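# Per-entry structural report
What follows is each chain in one-letter form.
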Amino acid sequence: MTSLVTSIGAAFLAGCGNAGTLVVGVRTGYPGLVTRLPDGGFTGFDIAIAHDVARRLGYRDDQIVYTNDVSGADLVVGSGGPRFVAGPYLVTSTDILVRAGDLSIRGIRDLARKRVCATEASSRRLVGRFGVKWKSAFLAEANVPAACAPLLADGRTDAIVADAPVLAGLEGQYPGRFRFSGKPLSTEKYGIAAGSASLRDQVGEALRHMFDDGTWNQAVIDYLGVLATRYTSPPALEKG
């Protein structure tokens, strides 16, 4: 996914504090970043980041609630929204995933006559390059990247275009069947959106400690799989 952009402001609950519950908005349908477990819980890189930040803000595990409804969230993870964003906690890229045996796709130019599955945001550059006729003929537009994986696996599409951590998550679900192909298409930054400048600053400080004590590096190793060698050091935090 290109960075989750959401309207921030009135949507956030007022008075976020460790005496109550912290509601964290996350992006479901993005394997590697957020995966829904059979018991209803969540796991993934974004969850690891959010959970550690919440604990550093003073919340217990039983006070942290995850939701895909960002309209009722205190924090939104993966956001590149217009206000009060701490981070980035990851600088990544949009990439191409193909079937392991397909050597015909080596970069973006090879997608000109290939069937591609992607979200609207991830496909924007392709549509800009190849045009609306290409979009009508070759693009399967999905609400979430997870919907593209079965299409690639059974041959109904030739490539998935999404953010690298998501593609790594999809690859992990189909061991040995998919591979990354070509150069990255664009750079993406993931941050954590907050409802106020003061909360953003607290989140930024929590991220800084996470970067310094090795927690971030361990989360990369635990959840980003084949991409661990790409992200060997945390990104530089930007000033609010």
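Residues numbered from 1 in each chain as written. Predicted model: local features only at pLDDT ≥ 70, side-chain atom pairs only at ≥ 80, totals over all residues. Heavy atoms only, no water.

Backbone-to-backbone hydrogen bonds join strands into a sheet, with any given pair of strands oriented parallel or antiparallel. With mixed pairing, the 8 strands of this open sheet are ordered in space as E4-E1-E5-E10-E6-E9-E7-E8. Sheet topology places strand E4 (64-67) and strand E8 (139-141) at the edges, where each strand pairs with a single neighbour. Going across the sheet, the axis of each strand differs from the next one's by a mean of 25°, ignoring polarity. In the sheet, strand E5 (residues 75-79) pairs with strand E10 (residues 178-194) via 4 bridges, with the strands oriented antiparallel. Bridge assignment links valine 76 to a residue of E10, and that residue is alanine 193. (Pairing = 2+ DSSP bridges. Helix = DSSP H or I, 4+ residues; strand = E, 2+ residues; numbered from the N terminus. Axes fitted to C-alpha atoms, helices over the stretch in contact; angles between N-to-C directions.)

Quick look at the confidence of the model for the protein chain now. Residue-level pLDDT values for the protein chain average 90, and 90% of them are 70 or greater. For the protein chain, strand E2 (residues 35-36) is the element with the lowest average pLDDT, namely 90, and strand E7 (residues 116-118) is the one with the highest, namely 98. Contacts for the low-pLDDT stretch residues 1-17, under 50 throughout, to residues beyond four places or in other chains number 61 contacts. (pLDDT = per-residue confidence, 0-100. Contact = heavy atoms within 4.5 Å.)

The next thing to look at is the state of the cysteines. Considering all chains together, one arrives at 1 disulfide under this definition. Between the sulfur atoms of cysteine 117 and its disulfide partner cysteine 148 the distance amounts to 2.1 Å. An S-S torsion of about -75° defines the bridge between cysteine 117 and cysteine 148 as left-handed. Here cysteine 148 lies in the loop between E8 and helix H4 (149-153) and cysteine 117 lies in strand E7, a separation of 31 residues in the sequence. (Disulfide = S-S within 2.5 Å.)

A general feature of soluble globular proteins is that nonpolar side chains tend to end up buried together. Ranked by internal contacts, the top residues of the largest apolar core, which has 54 residues, are Phe45, Tyr89 and Leu207. In contact with phenylalanine 45, not counting residues within four places along its chain, are Gly32, Leu33, Tyr89, Leu90, Trp216, Ala219, Val220, Tyr223 and Leu224. Core analysis: the second largest hydrophobic core is formed by 15 residues, Ile105, Ile108, Val161 and Leu185 among them. (Core = buried A, V, L, I, M, F, W, Y, C linked by side-chain atoms within 4.5 Å. Buried < 20%, exposed > 50% of the residue type's maximum accessible area, 1.4 Å probe, protein only.)

A word on the pattern of salt bridges. Close approach of charged atoms allows side chains with opposite charge to pair. By the definition in use, this model includes 13 salt bridges. Within the structure, one salt-bridge network assembled from shared partners comprises Asp52, Arg56 and Asp213. (Salt bridge = Lys/Arg side-chain N within 4 Å of Asp/Glu carboxyl O.)

When the terminal C-alpha atoms of helix H6 (residues 197-212) are compared, their 23 Å separation across 16 residues agrees well with the 22 Å that a helix rising 1.5 Å per residue should span. Burial in H6 covers these residues: Leu199, Arg200, Val203, Gly204, Ala206, Leu207, Met210 and Phe211. The buried residues of H6 all sit within an arc of 160° when viewed along its axis, so they share a single face. In this structure, the buried side of H6 is in contact with helix H1 (45-56), E5, strand E6 (85-99), E10 and helix H7 (215-223). Directly beyond the C-terminal end of H6, a positive phi value near 90° is found at glycine 214. (Expected span 1.5 Å × (residues − 1). Arc of directions from axis to C-beta.)

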